Amino acid sequence: MVEAAVKAAKAAFPIWSSKSPLERSQILNKLADLIEHDLEAFAQAESKDQGKTITFARTVDIPRAVYNFRFFASSILHHTTECTEMPTMGCIHYTSRTPVGVAGLISPWNLPLYLLTWKIAPAIACGNTVVAKPSEMTSVTAWMMCKLLEKAGIPHGVVNVVFGTGSKAGEALVCHPDVPLISFTGSTLTAQRITEKSAPHCKQLSLELGGKNPAIIFDDADLTQCIPTTLRSSFANQGEICLCTSRIFVQRGIYNEFLKRFVAEAKKWKVGDPSDPTVDVGALISKEHLEKVRNYVKKAQAEGARVLCGEGVDSLALPAGNQKGYFMLPTVITEVKDESCCMQEEIFGPVTCVVAFDTEEEVIERANGVKYGLAATVWSSNVGRVHRVARRLQCGWVWTNCWLVRDLNLPFGGMKASGIGREGAKDSYEFFTEVKTITIKH
Ligand code: NAD
């Protein structure tokens, strides 16, 4: 299957890459319109496929997939290349960028269409053809998108979607000699294998991986803003977002007050039927994943930590039709040591740890004390402090006094085990094109 997809993508490359950016832009916009037209059907499918709430699928996943196409349809029209003059040598130099060829795109299950289109859109906007492999766990909306490609005017072979497991379809793509670049979003463990497997081919890699994101809350934070946002950053999409907060450091002066208010609000989050628009937390992706997340809570308890609400503490009352689903209450753990696996490993579920700190210096060191470096949130009304702390945190994005506010123009990606490379208007353009420098003597 991968072989046939790569063959089709290779055959389509000469025609697609020779289209002008404006022609490609118009086609991307058309695809965006078609997905938007079917937004409700896409949202329903995404919610059923993953277990995420219909509200999240309607307001985040699918609108963002539409926006991904619109964004790159626009940004591809505005890139410029560089030119320098060397008058004494009678030379000018300029750079020229061309699409690379067939791009291999591999995406995870947690934001299915959102993350898949965040790769397809820049790759084809730049003139590449693609073989995309969505997660085998959530591939319905990728299939629905395929049905719209022809209507949008995308020539046959430009976008090929292969459905299959990581070990078979994913690895075949990674090892294929005619796929010179791989853009991957998923776990750090899989990224290690992809790096290993692609090394003999010297492929270009972009790796967007896991996180263990801290929220740092200083005692001058505005808790009326901070508490609802930190609840969202901890539990949105069942905590199954790479950017979710899972370590909350609270300065000692407001620690007790924060904890009391945070737990009281967490208990109000409604868990249950994902198709109910009043539900805040849907089902986790699978039974295995639910067990894994629960085990983290059990391990923390065995180490002496305290669970203040959620798993094992409060009872989960599910509607009749959802009794067998993989649901879990938002869970808050405290009195947990920094070395604990709950504070070190990515849990990827509705579980967050809250701990106290005393000084700025101390919290920076503790926040940086994990192998990951994806994102962080800092809460303070001291302008100097937010700049100081943000600059010293080892992660690719720092939000201060907010969370998940994105400008797609700007570089996105992780430090340390959270990734290699950046995505964004300029970064994706550079990744999906090859540059050469041309010197002209006059
Ligand atoms: P995963 O690594 O298990 O799978 C991701 C994709 O890789 C899937 O399509 C899978 O089929 C494929 N795959 C698996 N093994 C492969 C192999 N050997 N070769 C090629 N492809 C292979 O990740 P997941 O469980 O689907 O997603 C959750 C992870 O993704 C979390 O760690 C989360 O933090 C991360 N994530 C990161 C970002 C980011 O932007 N940094 C965004 C979303 C999710």
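Figured I'd write up the structure that's included with this text. Every value quoted in this text rests on a predicted model; they were computed, and no experiment measured them.

Taken in spatial order, the three strands of this open sheet run S1-S2-S18, and their pairing is antiparallel. Each end of this open sheet is capped by a strand with a single partner; those strands are strand S1 (83–86) and strand S18 (433–441). Between one strand axis and the next, the sheet turns by 25° as a mean value, whatever way the strands run. With four bridges joining them, S1 and strand S2 (residues 91–99) adopt antiparallel strand pairing.

Turning our eyes to something else, we now look at the pairing of strand S9 (residues 245–251). Where burial is concerned, most of S9 is hidden: seven out of the seven residues are buried. The pairing of strand S8 (residues 213–217) with S9 spans five bridges and is parallel. Along S9, the bridge assignment pairs Ile217 with Val250. Of the crossover connections in this fold, the one passing from S8 over helix H9 (residues 223–235) to the parallel S9 is right-handed. Bridge count between S9 and strand S12 (residues 351–357): five bridges; the pairing is parallel. The partner of Val250 across the bridge, within S12, is Ala356.

On to the site of the ligand, then. In the neighbourhood of the ligand, 29 residues make up the surrounding shell, with Ser107, Glu136, Thr190, Leu209 and Glu346 lying closest. Measuring from an oxygen atom of the ligand, one finds a backbone N or O atom of Gly186 at 3.4 Å. Side-chain polar atom of Thr190 to an oxygen atom of the ligand: 2.7 Å apart, as the coordinates give it. Out of a free accessible area of 850 Å², the ligand has 89% covered by protein chains. Applying the majority rule of atoms within 2 Å of the grid points places the ligand in the largest pocket. Elements with a minimum of two residues in the shell around the ligand: helix H7 (166–175), strand S6 (181–185) and helix H8 (188–198). Of the residues forming the shell around the ligand, the biggest block, four residues, is contributed by H7.

Let us look at the sheet that holds strand S17 (residues 419–420). If you walk across this open sheet you meet the six strands as S5-S4-S3-S6-S7-S17, and the pairing is mixed. Across the chains shown, the open sheet's two edge strands, defined by having one partner strand only, are strand S5 (159–161) and S17.

Parameters at a glance
- Residues numbered from 1 in each chain as written.
- Predicted model: local features only at pLDDT ≥ 70, side-chain atom pairs only at ≥ 80, totals over all residues.
- Heavy atoms only, no water.
- Pairing = 2+ DSSP bridges.
- Helix = DSSP H or I, 4+ residues; strand = E, 2+ residues; numbered from the N terminus.
- Axes fitted to C-alpha atoms, helices over the stretch in contact; angles between N-to-C directions.
- Buried < 20%, exposed > 50% of the residue type's maximum accessible area, 1.4 Å probe, protein only.
- Right-handed = clockwise from strand over helix to strand, strands pointing away.
- Near = heavy atom within 4 Å.
- Polar contact = N/O pair within 3.5 Å; in protein donor to acceptor, adjacent residues only side chain to side chain.
- Areas by Shrake-Rupley, 256 points an atom, 1.4 Å probe, with all protein chains shown as cover.
- 1 Å grid on protein atoms, 1.4 Å probe; cavity = no way out; pocket = protein on both sides within 12 Å on 5 of 7 lines; lining within 4 Å.
- Sits in = over half its atoms within 2 Å of the grid points.

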